[in-house]
Amino acid sequence: MRKPLSEEFRISSHSLAAHIFEPYAYQFVQRRSFDESNQLAAQSFGQKGRDWVNFGTVLAAITSNPQWKNHMAVAHLYDDWAQIVGETIAQNSRVGRFHGSELTVFVNSPAWATQLGFMKEQMITKINEQIEGLEISDIRFIGPQPEPYKRKRYPRY
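All of these numbers come straight from a predicted model, not from anything done at the bench.

Q: I'd like a description of the pairing of strand 1 (residues 93-99), backed by residues and values.
A: Where strand 1 lies against strand 2 (residues 102-107), 6 bridges are found, and the strand directions are antiparallel. Residue pairing for strand 2: valine 95 is matched across the bridge by valine 105. Counting the residues in the hairpin turn of strand 1 and strand 2 gives 2 residues, including glycine 100, whose phi is positive at 70°.

This is the structure in structure tokens:
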């Protein structure tokens, strides 16, 4: 028959529980102090002494970044696509992605890709004139991709 754990490890029975549960108790104390600090922060929200920054200041800092200006110009291109290229072209095409100075436009058919390829230079100049901060040097027109060839299996009789 085995001895009790307190005798086996030569620890008093009162301190045995403390040795076993001490790491867990420490974790819960940390969690409680984290919850208390969150509660204190929520209570002091909006009171004097807090470090406040105006929302306009934050937006000004974000929008002054050159990459942000580029993203905003591309967003304008997405929004104003129908006004820039016309309704007919806009119904058969959409702005894909803008990488470097190359714009990718997805079109509905290979015929539209060919037709817009002939109008590429006119579209580049019109886009560069109408949208500030966006310098496009090339446009790629991508038509619908054919489905990959799949071998059809016919049932054997």
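Q: I'd love a proper account of the pattern of salt bridges, names of residues and values included.
A: Following the criterion strictly, the structure yields 2 salt bridges and no others. The residue glutamate 102 makes a salt bridge to arginine 140 at a minimum N-O spacing of 3.9 Å. You can see glutamate 102 sitting in strand 2 and its partner arginine 140 sitting in strand 3 (residues 138-142), a full 38 residues away along the chain. The exposure class assigned to glutamate 102 is partly exposed, which follows from its relative accessible area of 27%. Take arginine 140: its relative accessible area is 39%, and that puts it in the partly exposed class. Across the pair lysine 120 and aspartate 138 runs a salt bridge, and its minimum N-O distance is 3.3 Å.

Q: Help me get a handle on the nonpolar core, residues and values and all.
A: With 23 residues, the main nonpolar core has Leu77, Trp81, Leu103, Ile127, Leu134 and Ile139 as its most contacted residues. Those elements that place two or more of their residues in this core are helix 4 (66-79), helix 5 (81-85), helix 6 (87-91), strand 1, strand 2, helix 7 (110-118), helix 8 (120-130) and strand 3. The residues contacting isoleucine 127, other than those within four sequence positions of it, are Leu77, Trp81, Ile84, Leu103, Leu134, Ile136 and Ile139.

Q: Can you explain the sheet that holds strand 3? Please cite residues and give values.
A: Two pairing modes exist for strands in a sheet, parallel and antiparallel, and in both the strands are linked by backbone hydrogen bonds. In space, the 3 strands of this open sheet follow the order 1-2-3, with mixed pairing throughout. Both outer strands of the open sheet, strand 1 and strand 3, are each paired with one neighbouring strand and no more. Averaged over all adjacent pairs, the angle separating strand axes in this sheet is 25°, with direction ignored. Pairing analysis gives 5 bridges linking strand 2 to strand 3, with the strands arranged parallel.

Conventions we followed
Residues numbered from 1 in each chain as written. Predicted model: local features only at pLDDT ≥ 70, side-chain atom pairs only at ≥ 80, totals over all residues. Heavy atoms only, no water. Pairing = 2+ DSSP bridges. Helix = DSSP H or I, 4+ residues; strand = E, 2+ residues; numbered from the N terminus. Salt bridge = Lys/Arg side-chain N within 4 Å of Asp/Glu carboxyl O. Buried < 20%, exposed > 50% of the residue type's maximum accessible area, 1.4 Å probe, protein only. Core = buried A, V, L, I, M, F, W, Y, C linked by side-chain atoms within 4.5 Å. Contact = heavy atoms within 4.5 Å. Axes fitted to C-alpha atoms, helices over the stretch in contact; angles between N-to-C directions.

So far we have only geometry, and geometry alone does not tell us how the molecule works.
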